[in-house]
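As a plain string of letters, each chain reads:
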Amino acid sequence: VYKRQDQFVFFGLHYQPEASTLVWAPYYVDQPSLLERVAKSLPVGYWLYVKEHPFAVGRRPLSEYRRLQKIPQVKIISPYADSHALIPKSACVVTINGTVGWEAMLYERPVITFGRGFGAASGLVQMVREIDELPRLLNEAVYSWQPDRELLLKVIAAAIEGSHQGDIGYRDGVPE
């Protein structure tokens with residue numbers, strides 16, 4: 001449950017199996033282990049809010065949620081919580097390689113990523129190259145990060161320029 005006074009970092013669990021982890025971040029497929037490292041790396045006084053991927057509701061083994069519940073500083077929030085309400089209130093967004101990273105960029109929030117996806121090449125996110133640098137990256141994101149609106153606008157323009165209208169293969173919100 002989100003409490004207004006909580007200072008938190010937001011992580012949206014990734015749907016698995018999917019290319020976002022299997023191809024672009026194969027060393028981070030075990031999300032509970034990664035989240036334990038993230039939680040241990042948080043600045044003092046911060047929580048790690050973890051939200052299930054909308055398409056993964058009911059698909060992940062219960063044992064993974066139990067592992068997450070045992071991690072100090074982790075709060076599992078409802079999979080139906082509004083990410084667009086949480087991201088602007090978060091101190092930082094951590095993602096392996098997910099859409100919440102792109103959304104956080106648009107909200108001008110700091111992003112830390114582990115994968116080699118879209119956001120990693122933008123210049124707007126911090127990519128973890130060595131897991132031991134995670135505490136420093138989180139500290140910088142929380143305490144000293146500043147948005148770069150000019151670069152963000154260039155990234156948005158490039159994304160629009162390289163996009164094409166089409167069907168992304170979803171029917172009633174579910175991948176086909």
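In this report, we go over the structure that sits alongside the text. These numbers come from a predicted model, not from an experiment. (Residues numbered from 1 in each chain as written. Predicted model: local features only at pLDDT ≥ 70, side-chain atom pairs only at ≥ 80, totals over all residues. Heavy atoms only, no water.)

### Some details on the pairing of strand β2 (residues 46–51)
The buried fraction of β2 amounts to 5 of the 6 residues, a majority that puts the element mostly inside the structure. Note that strand β1 (residues 7–12) and β2 share 6 bridges and pair parallel. Within β2, the residue paired with F10 across the bridge is Y49. Summarising the sheet, β2 and strand β3 (residues 74–77) pair through 4 bridges and their orientation is parallel. Along β3, the bridge assignment pairs Y49 with K75. In terms of handedness, the path from β2 via helix α3 (residues 62–69) over to β3 forms a crossover that is right-handed. (Buried < 20%, exposed > 50% of the residue type's maximum accessible area, 1.4 Å probe, protein only. Helix = DSSP H or I, 4+ residues; strand = E, 2+ residues; numbered from the N terminus. Pairing = 2+ DSSP bridges. Right-handed = clockwise from strand over helix to strand, strands pointing away.)

### A word on the packing of helix α2 (residues 31–41) against helix α6 (residues 134–143)
One way to put it is that α2 packs onto α6 with a least axis distance of 9 Å and a crossing angle of 60°. One way to sum up the angle between α2 and α6 is to call them oblique. Note on packing geometry: the crossing formed by α2 with α6 is right-handed. Contact residues: R37, V38 and S41 in α2; L134, P135 and L138 in α6. The residue makeup of the contact of α2 with α6, split by class, is 4 nonpolar, 1 polar and 1 charged. (Axes fitted to C-alpha atoms, helices over the stretch in contact; angles between N-to-C directions. Parallel < 35°, antiparallel > 145°, perpendicular 65-115°, else oblique. Left-handed = near helix turned anticlockwise from the far one by under 90°. Contact = heavy atoms within 4.5 Å. Nonpolar A, V, L, I, M, F, W, Y, C, P; charged D, E, K, R; others polar.)

### Regarding helix α5 (residues 99–106)
Listing the buried residues of α5 in full gives V100, G101, E103, A104 and M105. Of the surrounding secondary structure, the elements contacted by the buried residues of α5 are β1, α4 (83–86), β4 (92–95), β5 (111–113) and α7 (149–161). One or two positions beyond α5, positive phi appears at E108, with a value near 55°.

### What to know about the pattern of salt bridges
Summed over the entire model, instances satisfying the criterion amount to 10 salt bridges. One salt bridge connects K40 with E36, and the closest N-O pair in it is separated by 3.5 Å. Separated by 4 residues within a single helix, K40 and E36 lie in helix α2, roughly one turn from each other. When its relative accessible area of 35% is taken as the criterion, E36 is described as partly exposed. Between R149 and E108 there is a salt bridge; the shortest N-O distance is 2.4 Å. Taken together, the positions of R149 in helix α7 and E108 in the loop between α5 and β5 put the pair 41 residues apart, joining distant regions of the chain. One salt-bridge network, in which partners are shared between bridges, spans E52, R60 and E64. (Salt bridge = Lys/Arg side-chain N within 4 Å of Asp/Glu carboxyl O.)

### Looking at the packing of aromatic side chains
One pass over the structure, following the stated rule, counts 3 aromatic pairs. Here the aromatic rings of Y46 and Y143 are separated by 6.3 Å at their centres, their planes lie at 90°, and the arrangement is edge-to-face. Within this pair, whereas Y46 is found in strand β2, its partner Y143 is found in helix α6, the two being separated by 97 residues in sequence. (Phe/Tyr/Trp six-rings, centres within 6.5 Å; stacked < 30°, edge-to-face > 60°.)

All we've got here are geometric facts, nothing functional implied.
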